[in-house]
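Single-letter residue listing:
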Amino acid sequence: MHQANNQRSLSDHEEDYYYMVKDKNHQNGGGRWPHGGGRGLLSGERFTGTHDLVEQNFYLYVRVVKAKDLPPSSITGTCEPYVEVKLGNYKGRTRHFENKRNPEWNQVFAFSKDRVQATLLEVLVKDKEMVGRDDYIGRVIFDLNEVPTRVPPDSPLAPQWYRLEDRRGEGKVKGEIMVAVWVGNQGDEVFSEAWHADAAFVQGEGVLSVRSKVYMTPKLWYLRVNVIEAQDIVPNDRSRAPEVFVKVQVGSQVLRTKICSTQSQTTTHPLWNEDLVFVVAEPFEEQLVLTVEDRVHPSKDDVLGKIAMPVSAFEKRLDYSPVHSRWFNLEKFGFGILEADRRKELQFSSRVHLRACLEGAYHVLDDSTMYTSDTRPTARQLWNPLLGYWRWVF
């Protein structure tokens, strides 16, 4: 029986050494899974990683890479190999090749932890016969208690060469197979391409209802918009002193500045210098829509200018580096596509002065108002230096 706990990511200079044939003594296992200890699939240990999955579901992944030096059939003199991956009552099968003794499959199989009832994983190499039963070539057996766990973003486990053994497990046969076996979750890179045991007998669109789906907790950022000032704001009603404010909308979040009153009844230059903070999620598909409005009545606001920008256009900041401000031209409200010719009537454009950035230095606080679980900065460069440590002796 082969133990897979020595699998790990390999550097280039180690690759040749670790791809040597693994020839280990083994015992055909039996009995039940241990309830404590170990690092195998059913050890009960919970593994976490930096991939923020809403709910982690664990799978046994088996990557069948290739085989070499497979013996020809004693009947036909050829070899049409394929691999059968067997775990309890579940069986997965690769495609077969015609007359090929060194096949390459590079196929991945996934078995849900919740459905695993076996203690051993069998990887069988068979020769497809045209008449009668397929010929058995050899197999490799893995003890699931010894299968390592790999959680992204850990490096993928390197496959290893294993020498095939006979049906009884008493001796080696000709031929070797390259396999990688590990335990992972639905955040693994191979999850979407893997053959899933729970969907093996489902066809067409029915696969979508039985295959687990990946629900990733999005990475959240603060979008800080510092509304500084505006220039050349022309109210619709010039007979009164305008009461100008800025409204910014990102998705369903809407924030407003205070009203800036001015004595001028023509062109105005309001000043706010207020920070509006939003929460946005990667990959920043939303737009920021900013409007400059005039409060003409408690129940009525006139839109004087508008601008729309993608959130992804703003720079990201992970430290205390300064963010440069920019002037943005406002589009006169009401001059749409059908009124393109009227744009030429405008001799100048109103402008708004902003300082905006995406801040990822700190966790977006999603805990209760009176409680926070972590106030340390997310950005490592903002961590305070270590002053010392206490040693407790018991």
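Residues numbered from 1 in each chain as written. Predicted model: local features only at pLDDT ≥ 70, side-chain atom pairs only at ≥ 80, totals over all residues. Heavy atoms only, no water.

### Looking at the pairing of strand E4 (residues 104-112)
Where we set the bar: Buried residues are those whose accessible area, probed at 1.4 Å on protein chains only, stays under 20% of the maximum for their type, while exposed residues exceed 50% and partly exposed ones sit between those limits. Starting at the N terminus, helices and strands are each numbered in turn, a helix being any DSSP run of H or I of at least four residues and a strand any DSSP run of E of at least two. A pair of strands is treated as paired once DSSP finds two or more bridges between them.
Across the nine residues that make up E4, a large majority, seven, are buried. As defined by bridge partners, strand E1 (residues 58-68) adjoins E4 across seven bridges and the pair is classed as antiparallel. Within E4, the position partnered with Tyr59 by the bridge is Ser112. The pairing of E4 with strand E9 (residues 195-196) spans two bridges and is parallel. By the bridge assignment for E9, Phe109 is matched with Trp195.

### Here we look at the pairing of strand E15 (residues 287-297)
In this structure, strand E11 (residues 243-250) lies alongside E15, joined through seven bridges in antiparallel fashion. Paired with Val250 across the bridge in E15 is Leu288. Note that E15 and strand E16 (residues 300-310) share 10 bridges and pair antiparallel. Bridge pairing in E16 links Glu293 to Val303. Counting the residues that bridge the hairpin from E15 to E16 gives two residues.

### Things to note about unusual backbone geometry
A cis amide bond, omega 10 degrees, links Glu282 with the succeeding residue Pro283. With respect to the element layout, Pro283 can be found in the loop between strand E14 (271-281) and E15. One non-glycine residue, Asn106, adopts positive backbone phi at about 55 degrees. Looking at where Asn106 falls in the secondary structure, it is placed in strand E4. A positive phi angle, near 60 degrees, is found at Phe284, a position not held by glycine. Along the chain, the position of Phe284 falls in the loop between E14 and E15. Accessibility expressed as a relative area gives 9% for Phe284, which makes it buried.

### Description of the pattern of salt bridges
Stated precisely, the cut-off is as follows: For this document, the term salt bridge refers to a Lys or Arg side-chain nitrogen within 4 Å of an Asp or Glu carboxyl oxygen.
The final tally for this structure, using the stated rule, is 12 salt bridges. With a shortest N-O distance of 3.5 Å, Arg224 and Asp275 are connected by a salt bridge. One end of the pair, Arg224, is in strand E10 (residues 220-231); the other, Asp275, is in strand E14, and 51 residues separate them in sequence. Linked by salt bridges that have partners in common, Arg224, Asp275, Arg317 and Glu359 make up one network.

### Re the environment of His353
The test is simple: Here, residues are in contact when the closest pair of their heavy atoms is within 4.5 Å.
You can see His353 is positioned in strand E19 (residues 351-359). As a C-alpha pair, His353 and Arg326 span 27 residues in sequence and 5.8 Å in three-dimensional space. Those residues within four positions of His353 in sequence are excluded, and the remaining contacts are Asn226, Val227, Ile228, Glu229, Ser325, Arg326 and Trp327.

### Quick word on the nonpolar core
Our working definition: The criterion is simple. A nonpolar core is a set of buried Ala, Val, Leu, Ile, Met, Phe, Trp, Tyr and Cys residues joined through side-chain atoms within 4.5 Å.
The biggest cluster of nonpolar side chains holds 31 residues, and the ones touching the most others in it are Leu60, Val62, Leu121 and Ile177. Looking at this core, the elements that each hand over two or more residues are E1, strand E2 (81-87), E4, strand E5 (120-127), strand E6 (135-143), strand E7 (160-165) and strand E8 (172-185). It is E1 that provides the largest number of residues to this core, a total of five residues. If you look at the next biggest cluster of nonpolar residues, it comprises 30 residues, including Val246, Ile307, Met309 and Phe328.

### Let's talk about the confidence of the model for the protein chain
Applied cut-off: What pLDDT expresses is the predictor's confidence in each residue, scored from 0 to 100.
Scored by pLDDT, the protein chain comes out at a mean of 76, with 69% of its residues at no less than 70. pLDDT under 50 marks residues 201-212. Its contacts with residues more than four places away, or in other chains, come to 13 contacts. In the model, residues 336-340 has pLDDT below 50 throughout and makes two contacts with residues more than four positions away in sequence or in other chains.

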